[in-house]
Amino acid sequence: MNYTVVINREYGSGGRLIGRLLAEKLNIPCYDNDLIKLTAKQSGFSEDYIKEAMEKKTASLLYSLYMTSLPIADQIFLAQSQVITDLAQKESCVIVGGCADYVLKEKKDLIKVFIHAPFEKRLQRVREEYKEPAEDYKSYVTRMDKKRVTYYNYFTQYKWGNARDYNIALDSSAGINVCVDVICEYVRKYLEF
């Protein structure tokens, strides 16, 4: 039985690290930035081009309907969706981001997690752990969150961060390892192993 844990997260919440540590603890692979490499291979677009297209706001759905071909961001999303679907079918894994909760919504053994944290804690993590170069960290974190919300809401029928769409929503300010332990225990109970 292949199961998948998908993690969506606020920027600076530590969700990527939680995903990696969870995967180690469960002894399964974690896919995060790897999704871009695999999508590049699937789509034929370069990794840099994919990153750039994913950061731009996509056109409206109405605009997309009148186009004779899909906009690049939509093509990339479809290629990434295929990568995510293939990974989830092939093996148990943790997938961070990529709207994987939506892409895999029909999968039986799917555990959906949302990681959040108070804004000040996220600012601190971005400054101290991520070492992101920014003149105004508040604006930077707000902008990164907005990009995620825009991307997610465009490609899914869900609302970003709505706790009802997840099995678990955790505040990472309780501690990264605490979050990993909680998710790991939930996975074991949910899948009964």
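Now for a description of the structure that goes with this document.

1. Section: the packing of aromatic side chains
Scanning the entire structure with this criterion turns up 12 aromatic pairs. Considering the side-chain rings of F45 and Y49, the 5.4 Å spacing of their centres and the 35° angle between planes classify their relative orientation as tilted. Ring centres of F114 and W160 lie 5.2 Å apart, and the angle between their planes is 80°; this geometry places the pair in the edge-to-face category. One end of the pair, F114, is in strand β4 (residues 110-116); the other, W160, is in the loop between α8 (137-155) and β5 (168-171), and 46 residues separate them in sequence. The same class applies to F114 and to W160, which are both buried. Site record: aromatic cluster; members linked through ring pairs are F77, Y151, Y154 and F155.

2. Quick notes on the packing of helix α5 (residues 72-90) against α8
Running from N to C, α5 and α8 point in directions that differ by 75°, and their axes come no closer than 12 Å. Considered as vectors, α5 and α8 are oriented roughly perpendicular to each other. Note on element contacts: α8 touches α5 through Y151, Y154 and F155, opposite A73, D74, F77 and Q80. When the residues that make up the contact of α5 with α8 are grouped by side-chain class, the tally is 5 nonpolar, 1 polar and 1 charged.

3. Focus on the packing of helix α1 (residues 15-26) against helix α9 (residues 176-191)
Where α1 contacts α9, the axes come no closer than 9 Å and their chain directions differ by 50°. The orientation of α1 with respect to α9, classified from their angle, is oblique. Crossing angle aside, the handedness with which α1 passes α9 is right-handed. Listed contacts from α9 to L17, I18, L21, L22, K25 and L26 of α1 are I176, N177, C179, V180, D181, I183, C184, V187 and R188. A breakdown of the residues in the contact of α1 with α9 according to their chemical character gives 11 nonpolar, 1 polar and 3 charged.

4. Some remarks on unusual backbone geometry
Among all residues except glycine, the phi angle is most often negative; among peptide bonds, the trans geometry is most common. Unusually for a residue other than glycine, N27 sits at a positive phi of about 60°. Assignment of secondary structure puts N27 in the loop between α1 and β2 (30-31). Look at C99: it is not a glycine, yet its phi comes out positive at around 55°. Mapped onto the elements of the fold, C99 is located in the loop between β3 (93-96) and α6 (100-103). Since its relative accessible area comes to 3%, C99 is described here as buried.

5. Details of the side chain of T4
As for its position among the elements, T4 is in strand β1 (residues 4-9). Note on T4: relative accessible area 0%, which makes it buried.

6. Some thoughts on the sheet that holds β3
Across the sheet, 5 strands lie side by side as β2-β3-β1-β4-β5; this open sheet has parallel pairing. Of all the strands in the sheet, the pair left with one neighbour each is β2 and β5. Where β2 and β3 come together, 2 bridges link them in parallel fashion. Bridge assignment links C30 to a residue of β3, and that residue is V94. Taken strand by strand, α5 contacts β1, β2 and β3, and its axis lies near 160° from that of β3.

7. Topic: α8
An α-helix turns once every 3.6 residues. As a result, residues three or four positions apart point the same way. A rise of 1.5 Å per residue sets the reference length of α8, with its 19 residues, at 27 Å; its end C-alpha atoms lie 27 Å apart and thus fit the reference within 8%. At the N-terminal end of α8, a side-chain oxygen is found 3.3 Å from the backbone nitrogen of K138, two or three residues along, and the residue is D136.

8. Considering the pattern of salt bridges
A side chain of one charge can pair with a side chain of the opposite charge if their charged atoms are brought near each other. Scanning all chains against the criterion turns up 7 salt bridges. Salt-bridge contacts for K90 lead to E91; the nearest nitrogen and oxygen are separated by 3.9 Å. Of the charged contacts, one joins R125 and E129 as a salt bridge, the two residues approaching to 3.4 Å between their closest N and O atoms.

Reading the values: rules and limits
Residues numbered from 1 in each chain as written. Predicted model: local features only at pLDDT ≥ 70, side-chain atom pairs only at ≥ 80, totals over all residues. Heavy atoms only, no water. Phe/Tyr/Trp six-rings, centres within 6.5 Å; stacked < 30°, edge-to-face > 60°. Helix = DSSP H or I, 4+ residues; strand = E, 2+ residues; numbered from the N terminus. Buried < 20%, exposed > 50% of the residue type's maximum accessible area, 1.4 Å probe, protein only. Axes fitted to C-alpha atoms, helices over the stretch in contact; angles between N-to-C directions. Parallel < 35°, antiparallel > 145°, perpendicular 65-115°, else oblique. Contact = heavy atoms within 4.5 Å. Nonpolar A, V, L, I, M, F, W, Y, C, P; charged D, E, K, R; others polar. Left-handed = near helix turned anticlockwise from the far one by under 90°. Pairing = 2+ DSSP bridges. Expected span 1.5 Å × (residues − 1). Polar contact = N/O pair within 3.5 Å; in protein donor to acceptor, adjacent residues only side chain to side chain. Salt bridge = Lys/Arg side-chain N within 4 Å of Asp/Glu carboxyl O.

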